[in-house]
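Listed below are the residues making up each chain.
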Amino acid sequence: MADLVVALDYKDADSAFAMARTLKGAAPWMKVGLELFTAEGPKIVSGLKDMGFKVFLDLKFFDIPNTVQGAVRSAVRSGADMVNIHALGGERMAHAAMAGCAEGVAPGQEPPVVLAVTMLTSMAAGDLPVDNAPDPSEMALDLAVKAEQYGLNGVVCSGLEVERIKAACGAGFICLTPGIRPASVDAGDQRRVMTPAQAVRSGSDYLVVGRPITQAADPRGAALAIVEEMDQVT
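This one's a predicted model, so the numbers in the text were calculated from it and none came from an experiment. (Residues numbered from 1 in each chain as written. Predicted model: local features only at pLDDT ≥ 70, side-chain atom pairs only at ≥ 80, totals over all residues. Heavy atoms only, no water.)

With that settled, the discussion passes to the overall build of the protein. Along its length, the protein carries 10 helices and eight strands. Taken over the C-alpha trace, the protein has a radius of gyration of 17 Å; the compact-globule value for 234 residues is 17 Å, and the two agree within 12%. Summarising its shape, the C-alpha atoms of the protein cover approximately 45 × 40 × 35 Å along the three principal directions. Burial statistics for the protein: of 234 residues in total, 54% are counted as buried. (Helix = DSSP H or I, 4+ residues; strand = E, 2+ residues; numbered from the N terminus. Rg over C-alpha atoms; globule rule 2.2 N^0.38 Å. Buried < 20%, exposed > 50% of the residue type's maximum accessible area, 1.4 Å probe, protein only.)

Structure follows, in structure tokens:
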């Protein structure tokens, strides 16, 4: 069964913690991205952990292997349960990330999940700034296969790619899916989107939802409705 991850895309800790308190018991995971982490630092992770949430630290590391190794190590020590790097960083960077993860794990701590970002769900055909670029879904599949070969735990991908990635990499290879939009909600800046039910049927393990929950008139009700939709998929 897939888990709901709520994206706390806020500019300060007070706003993020207020939303997290509203959603306690409605969603097991919170996502901390670049804006919030840059503003508040590791304390936002520890604060959410103290509230009982699991935390996906979504910083999409992409640098030389040594730098990524240290960044992942620090992310793990902050208490994050899931971190990510860019698949485009290649094999040496992926191996460095896994090494940093192992170095950061405290005794008795469950090793965090390390995912590779394939193609952003905000990108569609024609958005890649290179000549003769492949279709985003084809590139996502290729990057996912490479990530599995490099020893990563899974990938961040559109729901449109999940079935083929699972077929190529195995059912246990984790697929976390952003770009989730209930049928009644506008896609916004996302391009390759799916409804919660469609994503679960495709095999997604984690569904990331932000604004359809956090900007709803009743955020808790919106989260519970999405969870109900997910749970009804057989």
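Anyway, onward from the coordinates.
For Lys-60, which is not glycine, the phi torsion reads 50° and is therefore positive. By secondary structure assignment, the location of Lys-60 is in strand S3 (residues 54-61). Judged by relative accessible area, Lys-60 falls into the partly exposed class, the value being 26%.

Attention now goes to the pattern of salt bridges. As enumerated under the stated definition, the model contains nine salt bridges in all. One salt-bridge network, in which partners are shared between bridges, spans Asp-9, Lys-31, Asp-58 and Lys-60. (Salt bridge = Lys/Arg side-chain N within 4 Å of Asp/Glu carboxyl O.)

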